[in-house]
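# Residue-level structure breakdown
Single-letter residue listing:
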Amino acid sequence: MASFILRRNIVSRHFKKPFYQNKRNAGYVVLIPEIGEDAEKNTLLLDNGLPEFNDVTIEKCIASISKQSMEYESGVKQVEQSAAECKNAFVEIFQPLEKLDSQLELTWGVTKTLYLGNSSLMPTKSYLQIHERAHKARSSKFTSIPIFKAAVNEKNRLKDLTDEEQRLLDKYILEGKLNGLDVKGVKRERLNSILTAIQKERHIFREKVNFATKAFKSTINDEEVVKEFPESLAKSMSLNNDASKGPWVVTLQPHIYEPFMQYCPDRVQRWNAWQGFVQRCSGYGNKELETSTILENIRSLRQEQATILGFDTYVDMSMETKMAGSIENVNNILDSLLESARPVQDVELEALQQFANERGLNSKLEHWDIPYWQRKQKWSLYNFDEDKIREYFPLPRVVNSLFNLCSTLFKIQIVERSNVQTWHKDVKFYDVFDESSNSPIAGFYFDPYARQNEKIRIYDDAGWHVSIRNKCAVTSTQPLSALIFNFQAPVEGKQSLLSFKEVTVLFQRFGHSLRHLLTKANYSEVAGLSNVEWDAAEVCGHVMTHWVYDPHTIHAISGHYNTEEPLPNEIVQNLHNVRRHMSGYELCKELYLSRLDLDLHSTKTFWRDLVRQMWPKYNVLPFDKYDSHPLSFTKIVSEEWGAAYYCHLWSKMIAADIFSAFDEARQSDEDILAVGRRYRDTFLAAGGACHPSEVFRRFRGRDPSPHALLKNLGLPKKIVEE
């Protein structure tokens, strides 16, 4: 008879239909069976080593993850038994754990791929159940006191370790410390209670924000309002799924809200959407959705968690897993960037005000005006419109040029393989070869097109990289991943056409995947993207995006879908101007959110008072007293970016500095291919097997500088080199 895991219903009593509520067992939910009917067919693998996507089902995934999770936890217990007297932790502990990881990670990766690639095959509820069970199983090795002690003993015993061995030991030791394995007695009990409470509060916060986001709706009946909308936006908003037929509904979903604010000429409609967006969960409307109390509870609990673990603040605890190393280093960079960006923001908004006044605006710019007039000004200055230059970026040409660029820079070959099972007919599979072998060193799936009611949708141009399987020498497995996008599908024989932003997203995600695919690490726990510090995790993706601003690259990837004429030189020359357009304003927004996150997790000041104190330092426009944006800031509250939001900006800074090495080589007639090889041998090869600060020094010969980022954004350098 199947056994089941039961979990308390932890959703706020205010919701009429609590998440995961089961009618027959009120207050509890059956997550997944520990043993399913298909438990014996648990590998989901074909003879060619790839997943059997043609026949995969929810039931198979659940059965596989159930059996593998139990085997994983049982395997961890077996490892624990030998941990106390082990003579070589790498052989007796880490190698067995690597083998346990192999099957679980594959099924987990397949499940996530289906969830993002075809949610009709893997609905959100089923995915979350599988995700939670797999995460619980995999966490068991990091909450094991015997394994933690064995790692500590091994580090003290061995002195002559490779970078990879050192990083592997450090990971197990740090994970153990952050899980409180060296905390005893009453403090340990309190820590466990805190972690449970944080998980509960985060869940409620996320559910309330999701509810509030979906609750807002505003209807447009006047077709004059939508006549300048991109066809994809108008179609998404139309109740008839027809761009030319209304009514059109405004929502706060990102793929609607953001382009709506850029294209809507009706100022009242923009204000209505903006106030709905920034007042989510504020209590000004539906008080049952208020999250202020939850936010303050989470801040307090996180501070107590950090104190028990021996840190002054939650931010100090966060720095243990960051390249920056300390809050002082982060603040120094953020303050230096602000010193350059803030004066420029003043000039930019003054110019935008004049531009808007000349075109009929008879009042001061407000927050809800900026996106609209920003887009209009960009078009006026540079003849640049994201949607109107699609015709120059047919997807097949862009993809082929991207692959050719990577082949040249990194000495690899990307070859399509036919007759591979996938989750949709549009999905392609590619093998990656290099000079070291006649066999593929990695492989990836490529799923480019949006599919209504099948794919998870956040932004129209959003893309995902899924690490389905890590490289692992112990199990002789090669990296496998999936790249999933929401690009426009071909229509009536017309190729899929990308906006420039979508081209950038494609390059970014592929650059991110290269770190996974080209890793040289031997242990999966530190291979590729695993174990990379958070503020360095996005670096390789951002490095790749810099190539789309290179004139030679742009000419290679662009070509009119009818005539094959490249993007006009006027637009190519203006690409850097486009990137720099209102860069002071945009950078200040990111700096504000980064510092807000850090201050929320290092001070006790009430969130609204903190916002009021910080706002004038970062923003020209005055603070709106009803603006409650921290109450829907899910990234730092209910997701994993608490005391880590700055990581996005830090990664961009590191990436700009890395790419400047290619620029310097070109300007001095050095061998740019040598820079490409050095980049592959450092950032792409090392993955999480070497600290990113050391990897950067090996590539650049010095520590990072923000100068390249400022140069790319056209901002003045006010930073003195040490």
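Residues numbered from 1 in each chain as written. Predicted model: local features only at pLDDT ≥ 70, side-chain atom pairs only at ≥ 80, totals over all residues. Heavy atoms only, no water.

With an unreviewed UniProt entry as reference, the protein chain is termed Oligopeptidase A, source organism Papilio machaon. Here the protein chain is described in UniProt, under the heading Sequence similarities (unreviewed entry), as follows: "Belongs to the peptidase M3 family." (UniProt positions renumbered as here; feature names shortened; annotations may be inferred.)

### Focus: helix α24 (residues 672–686)
Its 15 residues give α24 an end-to-end C-alpha distance of 21 Å, which sits within 8% of 21 Å, the value for a rise of 1.5 Å per residue. Roughly 30° is the biggest bend found in α24, and it falls at R680. Among the residues of α24, the N-terminal cap falls to D671, whose side-chain oxygen and the backbone nitrogen of L673 are separated by 3.0 Å. (Helix = DSSP H or I, 4+ residues; strand = E, 2+ residues; numbered from the N terminus. Expected span 1.5 Å × (residues − 1). Bend = angle between axes of the 7 residues up to and from the residue. Polar contact = N/O pair within 3.5 Å; in protein donor to acceptor, adjacent residues only side chain to side chain.)

### Focus on the environment of M122
Along the polypeptide, M122 turns up in the loop between α2 (89–117) and α3 (124–139). Residue contacts for M122: discarding those within four places in its chain leaves I58, C61, T111, L114, Y115, Y127 and I130. (Contact = heavy atoms within 4.5 Å.)

### Points about the nonpolar core
F393, F444, L506, F507 and Y679 are the most contacted members of the largest nonpolar core, which has 134 residues in total. In terms of residue count, helix α23 (residues 647–667) provides more of this core than any other element does, 12 residues in total. For F444, the contacting residues outside a window of four places in its chain are F403, I414, K428, F429, Y430, V432, L480, S481, L483, F510 and L517. M122, A134, F142 and A151 belong to the second-largest nonpolar core, a separate cluster that totals 57 residues. (Core = buried A, V, L, I, M, F, W, Y, C linked by side-chain atoms within 4.5 Å. Buried < 20%, exposed > 50% of the residue type's maximum accessible area, 1.4 Å probe, protein only.)

### Brief notes about the confidence of the model for the protein chain
Put simply, the protein chain has an average pLDDT of 91, and 93% of its residues get 70 or more. Overall, residues 1–42 carries pLDDT values under 50, and its contacts beyond four positions in sequence, including any with other chains, amount to 85 contacts. (pLDDT = per-residue confidence, 0-100.)

### A few points about the packing of aromatic side chains
Applying the stated rule across the entire model yields 41 aromatic pairs. Ring geometry for W274 versus W368: centroids 5.1 Å apart, planes at 50°, classification tilted. Here the residue W274 occupies a position in helix α10 (residues 267–278), and W368 occupies one in the loop between α13 (327–358) and α14 (370–382), the gap between them amounting to 94 residues. Exposure class is identical for W274 and W368. Each is buried. Both rings, one in W423 and one in Y445, keep their centres 5.3 Å apart while their planes meet at 55°; by these two values the pair is tilted. With W423 in the loop between β5 (412–417) and β6 (428–434) and Y445 in strand β7 (residues 442–449), the pair connects residues that are 22 residues apart, well separated along the chain. (Phe/Tyr/Trp six-rings, centres within 6.5 Å; stacked < 30°, edge-to-face > 60°.)

### Describing the sheet that holds β7
One open sheet accounts for five strands, arranged β5-β6-β7-β9-β8; its pairing is mixed. In the strand order of this sheet, the two ends are held by β5 and β8 (463–469), each with one partner. Pairwise comparison of adjacent strand axes, ignoring direction, gives a mean angle of 25° for this sheet. Here β7 runs beside strand β9 (residues 480–487); their pairing, made up of six bridges, is parallel. Of the residues in β9, the one forming a bridge with D447 is I484. (Pairing = 2+ DSSP bridges. Axes fitted to C-alpha atoms, helices over the stretch in contact; angles between N-to-C directions.)

### As for the packing of α23 against helix α25 (residues 692–700)
Where α23 contacts α25, the axes come no closer than 11 Å and their chain directions differ by 15°. Our classification of the angle between α23 and α25 gives roughly parallel. In terms of crossing hand, the pair formed by α23 and α25 is left-handed. Note on element contacts: α25 touches α23 through F696, F699 and R700, opposite I654, D657, I658, S660, A661 and E664. (Parallel < 35°, antiparallel > 145°, perpendicular 65-115°, else oblique. Left-handed = near helix turned anticlockwise from the far one by under 90°.)

### Let's talk about unusual backbone geometry
For the bond from G246 to P247, the omega torsion is 0°, close enough to zero to count as cis. By the secondary structure assignment, P247 is in the loop between α8 (231–237) and β4 (248–250). Even without glycine at this site, N419 takes up a positive phi of about 60°. Take N419: it is sitting in the loop between β5 and β6. Backbone geometry places M582, a non-glycine residue, at a positive phi of 55°. In this structure, M582 sits in the loop between α19 (569–580) and α20 (583–600).

### Regarding the pattern of salt bridges
Under the definition given, this model contains 43 salt bridges. D163 is the partner of R698 in a salt bridge, and the nearest nitrogen-oxygen pair spans 2.6 Å. Taken together, the residues span a long stretch of sequence, with R698 in helix α25 and D163 in helix α5 (residues 163–178) at a distance of 535 residues. For R698, a relative accessible area of 44% corresponds to the partly exposed category. D657 serves as the salt-bridge partner of R702, at 2.7 Å between the closest nitrogen and oxygen. With a gap of 45 residues between them, R702 in the loop between α25 and α26 (707–712) and D657 in helix α23 connect regions that are remote in the sequence. (Salt bridge = Lys/Arg side-chain N within 4 Å of Asp/Glu carboxyl O.)

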